[in-house]
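Commentary on secondary and tertiary structure
Given next are the chains, with one letter for each unit.
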Amino acid sequence: MSKLQLGVIRDERYYRANNAQRERADAEYRARRPASMAAGKYRCIYCGHESQKHNECHHMDGNHANNAPDNHKVVDTLCHAYHHLGQRAASERFAADNLGDRTILAAIPEISAEDLNLLQRIAGVALLDPKEAPMAKQVLQTLAKRHRPVGEAFGTFLPGDFAAAMVRLDEEAYQHRGTTMGKLRMLFHEDFLRKQGEKFKDDYPALPVQTWERIAADAEVPGARGAA
């Protein structure tokens, strides 16, 4: 799998609003997207989350007018957001571009960005269940406290501020941004995670939250506790 890191579209010519051929490019994208998603087996190249309904197609070079097959890769919404840090699209259709102030940056080096996204998605599922929601909230609140060292070190923990700074970096510094920002992770708002939880349950309706305890009990080998 590919390694995920924070990034932005730095070339203003690549912004949809600045593309004179936007309608043609978007039509081409819509036509080629199904084949690109199928070729990637609907599996995120970063975290491995698989979803035929809800995963997205990412332009690897940031140029939405470049719809060559090798420029299309499957990503899930949370991982996609790392490539559009702090950005907001003109259309709500482009989900990953519309996170804006619904995210913060936190220093969580002991968990990879990919694994943290999987954890946050599962927390989103738990938030939908009244019994599980309090623990999910506690986990998310504990993670959110990690924004403090980011604010102390950089003077901000807001994605938009980091995005503005990355746009101004020269190309060499941008390519090596992992040396200064490699420990930073995106934490998503609870409301956004609930939506991701709903999508997860839509993908896997046979595994609702209320059956997890039963599944765990069914999987337990009789006498295993005593054998230990």
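Residues numbered from 1 in each chain as written. Predicted model: local features only at pLDDT ≥ 70, side-chain atom pairs only at ≥ 80, totals over all residues. Heavy atoms only, no water.

Looking now at the confidence of the model for the chain. Atom-level detail of predicted coordinates should not be read off regions where pLDDT is low. Model confidence for the chain is summarised by a mean pLDDT of 85, while 82% of its residues fall at 70 or above. Of all secondary-structure elements in the chain, the lowest mean pLDDT belongs to helix α11 (residues 224–227), at 38, while strand β2 (residues 72–75) reaches the highest, 97. Contacts from residues 89–97, a stretch scored under 50 in pLDDT, to residues over four places away or in other chains number 18 contacts. Every residue in residues 223–228 is under pLDDT 50, and counting partners more than four places away or in other chains gives one contact. (pLDDT = per-residue confidence, 0-100. Helix = DSSP H or I, 4+ residues; strand = E, 2+ residues; numbered from the N terminus. Contact = heavy atoms within 4.5 Å.)

Moving on: the packing of aromatic side chains. Per the stated rule, a full pass over the model turns up three aromatic pairs. Relative to Tyr 204, the ring of Phe 200 lies with its centre 5.0 Å away and its plane at 45°, an arrangement referred to as tilted. Taking the relative accessible area as the measure of exposure, Tyr 204 reaches 33% and is therefore partly exposed. Residue placement shows Arg 10 over the ring face of Tyr 174; its charged tip is 4.3 Å from the ring centre. A cation sits over an aromatic face here: Arg 177 above Tyr 174, 4.0 Å from the ring centre. (Phe/Tyr/Trp six-rings, centres within 6.5 Å; stacked < 30°, edge-to-face > 60°. Buried < 20%, exposed > 50% of the residue type's maximum accessible area, 1.4 Å probe, protein only. Lys NZ or Arg CZ within 6 Å of the ring centre and 35° of its normal.)

Here we come to a nonpolar patch on the surface. Taken together, Leu 119, Met 135 and Val 139 make up a surface patch of nonpolar side chains, about 240 Å² in accessible area. Structurally, Leu 119 is set in helix α3 (residues 113–126). Take Leu 119: its relative accessible area is 37%, and that puts it in the partly exposed class. (Patch = residues over 30% accessible without salt bridge, like charges linked within 9 Å, V, L, I, M, F, W, Y side chains within 5 Å. Areas by Shrake-Rupley, 256 points an atom, 1.4 Å probe, with all protein chains shown as cover. Salt bridge = Lys/Arg side-chain N within 4 Å of Asp/Glu carboxyl O.)

This part covers unusual backbone geometry. You will see that Lys 41, though not glycine, has its phi angle at about 55°, which is positive. You can see Lys 41 is positioned in the loop between α1 (22–39) and β1 (56–59). Using a relative accessible area of 63% as the deciding quantity, one classes Lys 41 as exposed. Phi at Tyr 42 takes a positive value of approximately 60°, unusual for a residue other than glycine. Of note, Tyr 42 is situated in the loop between α1 and β1.

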